[in-house]
Amino acid sequence: MADEGHVKLLGAVVSPFAVLARMALKMKGVSYEYIGEDMGNKSELLVKSNPVHQKVPMLIHDGKPICESLAIVEFVDELWDTAGRSILPTEPYHRVVARFWAAYTDDKLFPAYFGIHRAATEEERAEKTNETIGVIRQLEVALAECSNGKPFFAGNSVGYLYDR
Ligand SMILES: N[C@@H](CCC(=O)N[C@@H](CS)C(=O)NCC(=O)O)C(=O)O
C-alpha cells in the first residue's frame, strides 16, 4: 500500500456524497482526519480548497485538494492499491459500465429525489415522485444485468456503484 501521507476529509452529516468518500477510505483501510463542515457557515479551508464549488466532500492529500465524490473514490482506489480490494472493476468494459451508471445516478436520481423534498406544490411533488420511481426502475434493470443476480452491482461485494 502507498504511504498514506496526511489525509483529511471535509464532509457533512447530511451529505450522501461525503458518505461515498468515507466508504472508499474505509474499504481501503486508510486513516484520515475527518472535518465536519457546517454548510451554513463553510470553513476557510473548504472555501480555499474548492473555490469553484465550495462543496463537500473534499479530500486533502498531503495538502493537495481533490473534489467531486466520484473523483475522490477513483483517487483513493488508485492510490491505495490494496491487493484484492479494488473499488472500480478491473476489466475495462466493466469499468466503463460502472462509470456510466454512477453518472446516471448523479444526473437523474439525486435531482429527482431531492426534487420531492423541494417541491412547492402537490403536483410538483407527485411529478418528482414518479420521476424518482422511474429512475429507480431503470437502475433495477441495470442491477439485474450487471450483477448476474448477485446482491451488488459489482457482484458479491460492494463496489463503485455501492450506494450511488
Ligand atoms: N457532484 C458533487 C456534489 C456534492 C454536493 O452537492 N455536496 C453538497 C452537500 S450533499 C454541498 O456541499 N453543498 C453545498 C453547496 O451547494 O453550497 C459530488 O459528487 O461530490
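What counts and what doesn't
- Residues numbered from 1 in each chain as written.
- Predicted model: local features only at pLDDT ≥ 70, side-chain atom pairs only at ≥ 80, totals over all residues.
- Heavy atoms only, no water.
- UniProt positions renumbered as here; feature names shortened; annotations may be inferred.
- Phe/Tyr/Trp six-rings, centres within 6.5 Å; stacked < 30°, edge-to-face > 60°.
- Buried < 20%, exposed > 50% of the residue type's maximum accessible area, 1.4 Å probe, protein only.
- Helix = DSSP H or I, 4+ residues; strand = E, 2+ residues; numbered from the N terminus.
- Lys NZ or Arg CZ within 6 Å of the ring centre and 35° of its normal.
- Pairing = 2+ DSSP bridges.
- Axes fitted to C-alpha atoms, helices over the stretch in contact; angles between N-to-C directions.
- Contact = heavy atoms within 4.5 Å.
- Parallel < 35°, antiparallel > 145°, perpendicular 65-115°, else oblique.
- Left-handed = near helix turned anticlockwise from the far one by under 90°.
- Nonpolar A, V, L, I, M, F, W, Y, C, P; charged D, E, K, R; others polar.

The name that an unreviewed UniProt entry assigns to the protein chain is Glutathione S-transferase, with the source organism given as Lolium multiflorum. Turning to the protein chain, the UniProt record has this under Sequence similarities (unreviewed entry): "Belongs to the GST superfamily. Tau family." The record held by UniProt for the protein chain lists under Catalytic activity (unreviewed entry) the comment "RX + glutathione = an S-substituted glutathione + a halide anion + H(+)".

Peer 1: For this particular structure, what's the right way to read the packing of aromatic side chains?
Peer 2: Here the distance between the centres and the angle between the planes together describe a pair of aromatic rings. Applying the stated rule across the entire model yields six aromatic pairs. Considering the side-chain rings of Phe 75 and Trp 80, the 6.5 Å spacing of their centres and the 90° angle between planes classify their relative orientation as edge-to-face. Given the relative accessible area of 26%, Phe 75 is considered partly exposed. Ring centres 5.1 Å apart and planes at 80° place the aromatic pair Trp 101 and Tyr 104 in the edge-to-face group. Taken together, the positions of Trp 101 and Tyr 104, both in helix α4 (residues 92–118) and three residues apart, correspond to about one turn of that helix. Assessed through its relative accessible area of 17%, Tyr 104 is described here as buried. In this structure, Arg 22 is placed above the aromatic ring of Tyr 34, and the distance from its NZ or CZ to the ring centre is 3.8 Å.

Peer 1: Which parts of the structure should I look at to understand the sheet that holds strand β2 (residues 33–36)?
Peer 2: Consider a sheet: its strands pair through backbone hydrogen bonds, and that pairing is either parallel or antiparallel. In space, the four strands of this open sheet follow the order β2-β1-β3-β4, with mixed pairing throughout. Pairing within the sheet leaves two strands with one partner each, and these edge strands are β2 and β4 (64–67). The sheet shows a mean angle of 20° between the axes of neighbouring strands, direction not considered. Here strand β1 (residues 7–11) pairs with strand β3 (residues 58–61) via four bridges, running antiparallel. Note on β3: the bridge partner recorded for Leu 9 is Leu 59. Of the strands in this sheet, β1, β2 and β3 touch helix α1 (residues 16–27), which is tilted by about 155° from β1.

Peer 1: How should I be thinking about the packing of α4 against helix α5 (residues 122–147) in this particular structure?
Peer 2: Two quantities define a packed helix pair, namely the angle between the axes and the distance from one axis to the other. Their axes nearest at 8 Å, the elements α4 and α5 cross at an angle of 160°. Relative to α5, the element α4 is oriented roughly antiparallel. The two elements α4 and α5 cross, and the hand of that crossing is left-handed. Two secondary-structure elements touch here, α4 through Val 97, Trp 101, Tyr 104, Thr 105, Lys 108, Leu 109, Ala 112, Tyr 113, Gly 115 and Ile 116 and α5 through Arg 125, Lys 128, Thr 129, Glu 131, Thr 132, Val 135, Ile 136, Gln 138, Leu 139, Ala 142 and Cys 146. Class assignment for the residues of the contact of α4 with α5 results in twelve nonpolar, five polar and four charged.

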